[in-house]
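Observations on the three-dimensional arrangement
Read off the chains here:
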Amino acid sequence: MDSRKIVLLVGALFVAGITAFFARTLIAGSAAPEAAAMGQPAPVQVTGPEVLVATRALPVGTILDATALKFQPWPKELVDGAYYLKAGTDLSKLQGTVVRNAITAGQPVTKGALVSPGDRGFLAAALGPGMRAVTVSVSSQAAVAGFVFPGDRIDLVLTQTVTGGGDGQPLKVSETIMRNVRVLATDQRTDNTVGEDGKTRVSTYSTVTIEATPKMAEQVAVARTLGELSLSLRALADNSSELEEAIASGAVTVPNGDPKAEKAMMIRVASQPQSGSSSFATGADVSRFQRSTVPAKGAMATMPGVPATTTPGGSTPGVIVGPIVRVARGNSVTVVPVGGKN
């Protein structure tokens, strides 16, 4: 190959390299602004008045607190007369109101969607579907010294004395009969008292109104006649731990592949009161000088069909019928009926 062809080939390669470089530069320069425009859209400026909107989804019966609402600019042409405008709304007065109609997150709150304390139907609006309102009497000590407020969730504890026979010493027992119960009101207040410093004011009360199922309402009515009821305030993290236990036991089925259905399931389980799986503690769990079981009956006899006891006058108060157990204490033998009738 002669020198002339070599020079032409090198020149052609040089021109091709320069052309490719400039073409790449032009393509990259034109694509960069478009990518930047697509990645960072210009924010839409809303110049309308500020209206009250929900910061999260508010189901029917939700008791509002300071974190549930906020003011947000809204297009002027879309502002309705039923909206709460910032110019004439005191946000603190809306705390403690109840949601009558469900409100989605970011949706403006209308005046007809809220029911204020003292309004007709307020307590009925605060109840969930199929639930009942039940009032129990409590002392300041049994009500966590007034630190239970409307909207909190509690456990209901029953303390009672179970009498029997034997030596006459009764069984003292305390058991948690209901869990995750929502407090609707304390005395006749359904909202929290706020002081001049903006902090919630703690006050004592003598009655607490709770939300319960119809069956639980019957159980509460019976529990009031058995002994003393106390409130046990629940931590917010307790609901998540109990949800995990319910999923592990198979009591709750988690929807697969549907985030909305899974979130709705978690909200439903977290707001559902529970009864039946009660735990208890007896006097023996606290003191070694207390009982752990119900005392045995004091009926005595030697054999079935034989007088149970004989008084000094020779009378026979009763006769044991049915199976018995002989208990020997030294030279003394006591016959105790097991499931028999006196």
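**Considering the overall build of the chain**
Counting its secondary structure elements, the chain contains five helices and 12 strands. With 342 residues in all, the chain has 28% of them scored as buried. Excluding contacts between residues fewer than 6 apart, the proportion of contacts in the chain whose partners are at least 24 apart in sequence is 64%. Working note: accessible area of the chain is about 21,700 Å², and carbon and sulfur atoms make up 58% of it.

**Quick word on the pattern of salt bridges**
Tallied over the entire structure, the rule returns five salt bridges. Of the charged contacts in the structure, one is a salt bridge between Glu50 and Lys86, with a shortest N-O distance of 3.4 Å. Here Lys86 lies in the loop between strand 2 (69-73) and strand 3 (98-99) and Glu50 lies in strand 1 (residues 50-54), a separation of 36 residues in the sequence. By relative accessible area, Glu50 is classed as partly exposed at 30%. Notably, a salt bridge pairs Arg56 with Asp65, separated by 3.6 Å at the nearest N-O pair.

**Concerning the environment of Pro273**
With respect to the helices and strands, Pro273 occurs in the loop between helix 5 (259-270) and strand 10 (274-282). Assessed through its relative accessible area of 10%, Pro273 is described here as buried. Separated by 120 residues in sequence, Pro273 and Arg153 place their C-alpha atoms 9.1 Å apart.

**With respect to helix 3 (residues 214-226)**
Each α-helix turn comprises 3.6 residues. Residues three or four places apart therefore point the same way. An ideal rise of 1.5 Å per residue puts 18 Å on 13 residues; helix 3 measures up with 19 Å between its terminal C-alpha atoms. Buried within helix 3 are the following residues: Met216, Ala217, Val220 and Ala223. Across the axial projection of helix 3, the buried residues extend over an arc of 120°, all falling on one side. In helix 3, the exposed positions angled more than 90 degrees off the buried face are occupied by Lys215 and Thr225. Residues of helix 3 that are buried sit in contact with strand 5 (132-137), strand 6 (153-162), strand 7 (171-186), strand 8 (207-212), strand 9 (228-233) and strand 10.

**Quick look at the side chain of Gln160**
Along the chain, the position of Gln160 falls in strand 6. Judged by its relative accessible area of 18%, Gln160 is buried. For Gln160, the residues in contact, after removing those within four places along its chain, are Leu171, Lys172, Val173, Glu175, Leu226 and Gly227.

**Some details on a nonpolar patch on the surface**
Judged by side-chain polarity, Phe14, Val15, Ile18, Phe21 and Phe22 come together as a nonpolar surface patch covering roughly 540 Å² of accessible area. Residue Phe14 is classed as exposed on the basis of its relative accessible area of 56%.

**Describing the nonpolar core**
Within soluble globular proteins, side chains that are nonpolar tend to cluster in buried spots. Counting residues in hydrophobic clusters, the biggest one holds 23 residues, and the most contacted among them are Val138, Leu156, Val208 and Ile210. When residues no more than four places from it in sequence are discounted, the contact partners of Val138 are Ala143, Tyr205, Ser206, Thr207, Val208, Leu229 and Leu231. Listed in part, the 13 residues of the second largest apolar core include Leu52, Ala54, Leu58 and Leu114.

**Description of the environment of Val136**
Mapped onto the elements of the fold, Val136 is located in strand 5. Here Val136 falls in the buried class, since its relative accessible area comes to 0%. In this structure, the C-alpha to C-alpha distance between Val136 and Ala221, residues 85 residues apart in sequence, is 8.7 Å. Residues contacting Val136, with those up to four places away along its chain left out, are Ser206, Thr207, Val208, Val220, Arg224 and Leu229.

**Considering the side chain of Thr97**
With respect to the helices and strands, the residue Thr97 is situated in the loop between strand 2 and strand 3. Overall, the relative accessible area of 0% leaves Thr97 in the buried class. Only 2.6 Å separates the side chain of Thr97 from the backbone oxygen of Leu94, close enough to count as a polar contact. Not counting residues up to four positions away in its chain, the partners in contact with Thr97 are Thr62, Ile63, Leu64, Leu114, Val115, Ser116, Pro117 and Phe122.

**A short note on the confidence of the model for the chain**
When pLDDT is averaged along the chain, the result is 77, and 71% of the positions lie at 70 or above. When pLDDT is averaged over each element of the chain, helix 3 comes out on top at 94 and helix 4 (residues 238-249) at the bottom at 64. For residues 299-319, every residue scores under 50 in pLDDT, and the model assigns this stretch 41 contacts once sequence neighbours within four places are set aside.

**Here we look at unusual backbone geometry**
One non-glycine residue with positive phi stands out, namely Asn180, at about 55°. Along the chain, Asn180 turns up in strand 7.

Parameters and conventions
Residues numbered from 1 in each chain as written. Predicted model: local features only at pLDDT ≥ 70, side-chain atom pairs only at ≥ 80, totals over all residues. Heavy atoms only, no water. Helix = DSSP H or I, 4+ residues; strand = E, 2+ residues; numbered from the N terminus. Buried < 20%, exposed > 50% of the residue type's maximum accessible area, 1.4 Å probe, protein only. Contact = heavy atoms within 4.5 Å. Areas by Shrake-Rupley, 256 points an atom, 1.4 Å probe, with all protein chains shown as cover. Salt bridge = Lys/Arg side-chain N within 4 Å of Asp/Glu carboxyl O. Expected span 1.5 Å × (residues − 1). Arc of directions from axis to C-beta. Patch = residues over 30% accessible without salt bridge, like charges linked within 9 Å, V, L, I, M, F, W, Y side chains within 5 Å. Core = buried A, V, L, I, M, F, W, Y, C linked by side-chain atoms within 4.5 Å. Polar contact = N/O pair within 3.5 Å; in protein donor to acceptor, adjacent residues only side chain to side chain. pLDDT = per-residue confidence, 0-100.

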